[in-house]
Amino acid sequence: MVAIDGPSGAGKSTVARQLAARLGFAFLDTGAMYRAITWHFLQNGCAPAECAGEADGGQARMRAALAAARLRLEQGRQILNERDVTAHLRTREVESQVSAVSALSFVRAAMRDLQRQVASAGPVVAEGRDMGTVVFPRARWKVFLDAAPSERARRRSADFVRQGRQVSEEDVLAEIEVRDRLDSTRSDAPLRQADDALYLDSTGLTTDAVVLRLFEFVRADAAAAGAVAGGRA
Ligand code: DC
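Because the structure is predicted, anything quoted here is derived from the model rather than measured. (Residues numbered from 1 in each chain as written. Predicted model: local features only at pLDDT ≥ 70, side-chain atom pairs only at ≥ 80, totals over all residues. Heavy atoms only, no water.)

Colleague: What should I look at first to understand the environment of V107 in this one?
Modeller: Among the structural elements, V107 can be located in helix α5 (residues 105-119). Residues V107 and R63, spaced 44 residues apart in sequence, show a C-alpha to C-alpha distance of 8.2 Å. With residues up to four places along the chain from it excluded, the contact list for V107 reads Y34, I37, F41, L66 and V101. (Helix = DSSP H or I, 4+ residues; strand = E, 2+ residues; numbered from the N terminus. Contact = heavy atoms within 4.5 Å.)

Colleague: So what exactly am I meant to see when it comes to the layout of surface pockets here?
Modeller: By rolling a water-sized probe across the atoms, one finds the places where empty space is left. Quantified by volume, the second largest pocket comes out at close to 210 Å³. As for the second largest pocket, its lining consists of 13 residues, of which E95, S96, E175, I176 and R179 are closest to the centre. Within the residue set of the lining of the second largest pocket, elements represented by two or more residues are α4 (92-102), α7 (149-162) and α8 (169-185). Looking at the lining of the second largest pocket residue by residue, the class counts come to 6 nonpolar, 2 polar and 5 charged. (1 Å grid on protein atoms, 1.4 Å probe; cavity = no way out; pocket = protein on both sides within 12 Å on 5 of 7 lines; lining within 4 Å. Points joined across faces, edges and corners; volume = space filled by probe spheres on them. Nonpolar A, V, L, I, M, F, W, Y, C, P; charged D, E, K, R; others polar.)

Colleague: Would you mind going over the site of the ligand with me for this structure?
Modeller: Taken together, 16 residues form the shell around the ligand, and within it R35, R108, D130, R179 and R186 come nearest. Between the ligand and the protein, one listed contact pairs an oxygen atom with a side-chain N or O atom of S99 at 3.3 Å. In the complex, the protein chains occlude 97% of the 450 Å² of accessible area that the ligand would expose alone. Elements with a contribution of two residues or more to the shell around the ligand: α2 (30-43), α4 and α8. Looking at side-chain class alone, the shell around the ligand contains 3 nonpolar, 5 polar and 8 charged residues. (Near = heavy atom within 4 Å. Polar contact = N/O pair within 3.5 Å; in protein donor to acceptor, adjacent residues only side chain to side chain. Areas by Shrake-Rupley, 256 points an atom, 1.4 Å probe, with all protein chains shown as cover.)

Interpretation note: all reported values are geometric properties and have no functional meaning in isolation.
Quick look at the structure:
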């Protein structure tokens, strides 16, 4: 298990996907799972912003919607109640609500179970905010991937341009800062670096360079473990 955590726009998904392919591991994008549930809440009219005025803040309706959600991952696609929702996960509506949804403990508990179930099937590169700290605290390799906020905003803006969306880098930076604050200050599983994680700042580095660095990190440690096992045998 390789557990990669870090803030929005640090390049975790691209790096984790390529690293997984190189290692021959499965790839688990846990942010996409939170996005899929957020999309599902929006479809059911019970996303946090939509039910803020309700006595329980919409908790009962969200719990019912979550109970009715069957989420599974198939070759990198998010399948929700037998519908492929992958193309709907990067909209601004989802993005504006996903931090609030991912702060809900009952949502996190359900996602945690699903993530562990996926990982029990074989070697995985999993990326998110709490992989090394909460979901897979015993992961063999932990990485905290960071980058300067301005670089993260530039990368996210480039993503948006590729999707045909025009958003100013300033707006993206402001949204990233809000999301970082929400993700790192929530009470349940806030974003933070695990004590035993490798810290890597990808500012100014290409994706290839980051993937290579992590591949070497895994390979060197695996080789050392092999040598120890061999020496003992
Ligand atoms: O990595 P991303 O931008 O796709 O993540 C979307 C949101 O999901 C992000 O704001 C924080 C949340 N998230 C989380 O709380 N825990 C995870 N393991 C992964 C993502």
